[in-house]
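# A look at the structure
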Amino acid sequence: MDTTPASGPTGPIVVGTDGSEPARRAVAFALREAQLRGVGVRAVCAYGGRHAESPDRAMTGWGAGGGPSPHLSDAVAREVTDSIEELRQQVGEPYVEVEVRCEHGRPAQVLLEESQDASLLVVGSRGAGLWGRLSLGSTSTEVVHHAHLPVVVVPPAPKGTSG
């Protein structure tokens, strides 16, 4: 097997992550693809978005000013970083450089903005949102329709397998 990085765009691979199993599969795919291409990964987690208007701001971590509390932002970043590190260990060497970004906003919009300099955008087929039972989630659908670069939608694991 040839392990020479493929020629072509050298921008990072951007991957959406929200802690769901489909997102974990997307991150693992992005890490493996980055190994093959010899590029880094930018793992992006968007939080808040249209659900930021929740009347119970204390439960959602939103402050009175309408933005995320620093505590929420730090907690999200910590969870994403821990998950990414676990997946990096599972994928193995050569370890890929991973940049984690946690941004407030609608997931599709954040992913599209964060992928402006990327060579590939990777998302899971559905996330942890309210509509997670759909075969292709609203974020992945929007990303596919509006992306300026190649997009990979990682399908769910076949039934009866663990990933």
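None of these values were measured; they are calculated from a predicted model.

Analysis parameters
- Residues numbered from 1 in each chain as written.
- Predicted model: local features only at pLDDT ≥ 70, side-chain atom pairs only at ≥ 80, totals over all residues.
- Heavy atoms only, no water.
- Helix = DSSP H or I, 4+ residues; strand = E, 2+ residues; numbered from the N terminus.
- Buried < 20%, exposed > 50% of the residue type's maximum accessible area, 1.4 Å probe, protein only.
- Contact = heavy atoms within 4.5 Å.
- Expected span 1.5 Å × (residues − 1).
- Pairing = 2+ DSSP bridges.
- Axes fitted to C-alpha atoms, helices over the stretch in contact; angles between N-to-C directions.
- pLDDT = per-residue confidence, 0-100.
- Salt bridge = Lys/Arg side-chain N within 4 Å of Asp/Glu carboxyl O.

This paragraph deals with the overall build of the chain. A count of helical and extended segments in the chain gives five helices and five strands. What you see in the chain, going N to C, is helices and strands ordered as β-α-β-α-α-β-α-β-α-β. Across the 163 residues that make up the chain, the buried fraction comes to 41%. Across the chain, contacts joining residues at least 24 apart in sequence account for 74% of those joining residues at least 6 apart.

This part takes up helix H1 (residues 21-37). The first and last C-alpha atoms of H1 sit 24 Å apart over 17 residues, in line with the 24 Å expected at 1.5 Å per residue. Looking at H1, one finds that the buried residues are Pro-22, Ala-23, Arg-24, Arg-25, Ala-26, Val-27, Ala-28, Ala-30, Leu-31, Glu-33, Ala-34 and Gln-35. Of the residues flanking the end of H1, it is Gly-38, one or two places downstream, whose phi is positive at about 70°.

Bringing the sheet that holds strand E4 (residues 120-124) into the picture now. On the basis of which strands lie adjacent, the open sheet formed by five strands has the order E3-E2-E1-E4-E5 and parallel pairing. Where the open sheet ends on each side, the last strands, each with one partner, are strand E3 (98-104) and strand E5 (151-154). The sheet shows a mean angle of 20° between the axes of neighbouring strands, taken without regard to direction. Bridge count for E4 against E5 is four bridges, and the pairing is parallel. Bridge pairing in E5 links Gly-124 to Val-154. Running at roughly 170° to strand E1 (residues 13-16), H1 makes contact with E1, strand E2 (41-47), E3, E4 and E5 of the sheet.

Detailed reading of the predicted coordinates is not advisable wherever pLDDT falls low. On average, the chain scores 79 in pLDDT, and the residues at 70 or more come to 72%. Model confidence for the chain, summarised as mean pLDDT per element, is weakest for helix H2 (residues 57-60) at 31 and strongest for E1 at 97. Scored below 50 in pLDDT, residues 51-66 shows 19 contacts in the model against residues more than four places distant or in partner chains.

Let's shift gears to the pattern of salt bridges. Applying the stated criterion across every chain yields a total of nine salt bridges. Among the salt bridges present, the one from Arg-88 reaches Glu-85, with a minimum N-O distance of 2.9 Å. With Arg-88 and Glu-85 both in helix H3 (residues 70-91), this residue pair falls three residues apart, about one helical turn. Overall, Arg-88 belongs to the buried group, its relative accessible area being 19%. A relative accessible area of 32% places Glu-85 in the partly exposed class. What you see here is one network of salt bridges that share partners, running through Arg-42, Glu-99, Arg-101, Glu-114 and Asp-117.

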